[in-house]
Amino acid sequence: MSDPRTVRVDLGARSYDILIGPGLLSDLGHWLEPVAPKGKIHVVTDENVYGHYSRYLTTLDRDASVTVLPAGEHQKRFEVLQNLLSDMFAEGLDRNDTLMAFGGGVIGDLSGFAASIYKRGCRFVQVPTTLLAQVDSSVGGKTAINVPQGKNLVGAFYQPSLVLADTDVLKTLPDRELKAGYAEVVKYGLLGNRDFFGWLDDNGKKVLSLDPDAVGEAIATSCMMKAAIVAEDEQERGMRALLNLGHTFGHALEAEAGYSNRLLHGEAVSAGMQMAFEYSAAQGLCSKDEARRVEQHLAATGLTRIADVGEWLGDTDALMTHMGQDKKNEGGALTLILARGIGDAFVQKGAAKPDVRNYLKTLI
Ligand code: NAD
Ligand code: GLY
């Protein structure tokens, strides 16, 4: 096996590596050894991932206990968190033992939060199995559950000690989930790396067909960009908000879809990025050609566009209400991530609500 690509997240004493490559799961024990040389490991996973990949847990080289949850966003809730903590107590884990998230962003967010509060924090490693988790949710330490008041509203910043992204597992990921994760890859090009976006224009289809070199390059570049942003602004006081490109518009679409399977998070982000560029162009912040180029890339790679969600967009008031609930807003004013061009996103506080409303009207 060739050496994995390594991306370092530089956070002083809490720095860690992201290892990316095919076949890493065949030797889990070896890769975990430097960060968890001894002690127990408790694995959290979902039924789909366990069904496909439980055999790899034997390569941990030590007794591992496992919590297997049903798949889906609904698991990110207090009751499930409490049951998971009970499993950890039942296994007698101490703070030096390791909680391992083995799954997509749902498993990662829930387990990370459990690790952050179990005995005030135990060792935590992420083994992400979706493209979205490999390029975004497993990196940077955001953990959360959902509450009736909203999505991801209760959580903590808690960094893992290691992220292990085996690109082979993406072969069993449903196409729709793969594309939803690819939208987050495109996001990195759009927010701050024009060359990377150009590379995706040339290689996006190869990434989606899981060409090993292309997928490794796309994940490593995405993780490098996220690692640099997180190292600069771990707790989102400033530039980390750029990672929310497409999310404010996208969350409104997700909320309109009732956070259901009708629209996956990455699909909402995809259409949301198109909206952010179109709105930026309508505001004269970036050229219409740039916005068109974004849409062309989404179309060429089969990603979700506004045209795909147009039928059930709801009304402007509903979308404005959803956008008004975004976590980035301050004192009732709308915060948007907009762009001066591809690779040049910025945070706009106090966005003009009448202008946003007028833009939304053009879509409905
Ligand atoms: P997910 O965890 O629900 O996984 C998607 C589906 O793919 C599930 O059905 C899962 O069982 C299945 N699956 C996972 N790996 C598989 C594999 N290798 N083969 C076959 N099936 C597999 O969803 P997701 O898209 O990974 O994550 C979405 C979650 O991530 C949301 O809760 C979102 O809020 C969160 N998120 C967090 C951050 C962060 O920074 N913490 C960032 C983005 C998203
Ligand atoms: N996914 C956005 C962030 O990690 O900040």
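Caption draft 1: How the structure looks around the side chain of Q159. By secondary structure assignment, the location of Q159 is in the loop between strand 8 (150-157) and strand 9 (162-166). At a separation of 2.6 Å, a polar atom in the side chain of Q159 contacts the side chain of Y16. Looking at Q159, its side chain comes within polar contact range of the main-chain oxygen of G140, at 2.9 Å.

Caption draft 2: Spotlight on the site of ligand 2. Taken together, the residues surrounding ligand 2 are D136, K142, K226, E236, R240 and L243. D136 is positioned with one of its side-chain polar atoms (N or O) 3.0 Å from a nitrogen atom of ligand 2. Computed on the free molecule, ligand 2 has an accessible area of 190 Å², of which 88% lies beneath the protein chains in the complex. In terms of residue class, the shell around ligand 2 is made up of one nonpolar, no polar and five charged.

Caption draft 3: Structural view of the sheet that holds strand 5 (residues 98-103). One open sheet accounts for seven strands, arranged 1-2-9-6-5-3-4; its pairing is mixed. Among the strands making up the open sheet, the edge pair consists of strand 1 (5-9) and strand 4 (64-69). Ignoring which end each strand starts from, the neighbouring axes of this sheet average 15° apart. Both strand 6 (residues 123-128) and strand 9 contribute to a ladder of two bridges, which runs parallel. By the bridge assignment for strand 9, Q126 is matched with V163. Packing of helix 3 (residues 78-90) onto the sheet brings it into contact with strand 3 (41-46), strand 4 and strand 5, and relative to strand 3 it is tilted by some 150°.

Caption draft 4: Local environment of the environment of F197. For F197, the position within the fold is in helix 7 (residues 194-208). You can call F197 buried: its relative accessible area is 0%. Distance from F197 to V294, taken between C-alpha atoms, is 9.3 Å for residues 97 residues apart in sequence.

Caption draft 5: Local environment of the packing of aromatic side chains. Evaluated as defined, the whole model comprises six aromatic pairs. Plain terms: the ring middles of F89 and Y118 are 4.7 Å apart, the flat faces sit at 50° to each other, and that makes the pair tilted. With F89 in helix 3 and Y118 in the loop between helix 4 (105-117) and strand 6, this residue pair connects regions lying 29 residues apart in the sequence. Classification of Y118 by relative accessible area gives buried; the value is 1%. Put simply, the rings of F249, Y279 and Y359 touch in pairs and so form one group of aromatic residues.

Caption draft 6: A look at the pairing of strand 1. In this structure, strand 1 lies alongside strand 2 (residues 16-21), joined through five bridges in antiparallel fashion. When the sheet's bridge partners are listed, V7 is paired in strand 2 with I18. With antiparallel pairing between neighbouring strands as the criterion, strand 1 and strand 2 make up a hairpin whose turn holds six residues, including G12 at a positive phi of roughly 60°.

Caption draft 7: Representation of the pattern of salt bridges in the model. Counted under the stated rule, the structure contains 22 salt bridges. R8 is the salt-bridge partner of D17, the closest N and O atoms lying 3.1 Å from each other. What makes R8 partly exposed here is its relative accessible area of 48%. Put simply, D344 and R340 hold a salt bridge, and the shortest N to O gap is 3.4 Å. A relative accessible area of 33% places D344 in the partly exposed class. We classify R340 as partly exposed; its relative accessible area is 47%.

Caption draft 8: Quick peek at the packing of helix 6 (residues 175-192) against helix 8 (residues 212-232). Running from amino to carboxyl end, helix 6 crosses helix 8 at an angle of 55°, the nearest separation of the two axes being 9 Å. Viewed along their axes, helix 6 and helix 8 adopt a mutual orientation that is oblique. Here helix 6 and helix 8 pass one another in a crossing that is left-handed. On helix 8, the residues that touch V185, Y188, L191 and G192 of helix 6 are A218, S222, M225, K226 and I229. Its residues placed into classes, the contact of helix 6 with helix 8 shows six nonpolar, two polar and one charged.

Caption draft 9: Molecular detail of the site of ligand 1. As a matter of local geometry, ligand 1 sits amid 26 residues, with D46, E73, G105, T130 and T172 nearest to it. The contact in question runs from a nitrogen atom of ligand 1 to an N or O atom on the side chain of D109, over 2.9 Å. Note that a nitrogen atom of ligand 1 is positioned 2.9 Å from one of the backbone N or O atoms of K142. The protein chains hide 89% of the 870 Å² of surface that ligand 1 would expose on its own. Breaking the shell around ligand 1 down by element, the ones donating at least two residues are helix 2 (47-53), helix 4, helix 5 (131-137) and strand 8. Looking at the shell around ligand 1 element by element, the count peaks at four residues for helix 2. In the shell around ligand 1, the residues fall into eight nonpolar, nine polar and nine charged.

Definitions and limits used
Residues numbered from 1 in each chain as written. Chains lettered and ligands numbered in written order. Predicted model: local features only at pLDDT ≥ 70, side-chain atom pairs only at ≥ 80, totals over all residues. Heavy atoms only, no water. Helix = DSSP H or I, 4+ residues; strand = E, 2+ residues; numbered from the N terminus. Polar contact = N/O pair within 3.5 Å; in protein donor to acceptor, adjacent residues only side chain to side chain. Near = heavy atom within 4 Å. Areas by Shrake-Rupley, 256 points an atom, 1.4 Å probe, with all protein chains shown as cover. Nonpolar A, V, L, I, M, F, W, Y, C, P; charged D, E, K, R; others polar. Pairing = 2+ DSSP bridges. Axes fitted to C-alpha atoms, helices over the stretch in contact; angles between N-to-C directions. Contact = heavy atoms within 4.5 Å. Buried < 20%, exposed > 50% of the residue type's maximum accessible area, 1.4 Å probe, protein only. Phe/Tyr/Trp six-rings, centres within 6.5 Å; stacked < 30°, edge-to-face > 60°. Salt bridge = Lys/Arg side-chain N within 4 Å of Asp/Glu carboxyl O. Parallel < 35°, antiparallel > 145°, perpendicular 65-115°, else oblique. Left-handed = near helix turned anticlockwise from the far one by under 90°.

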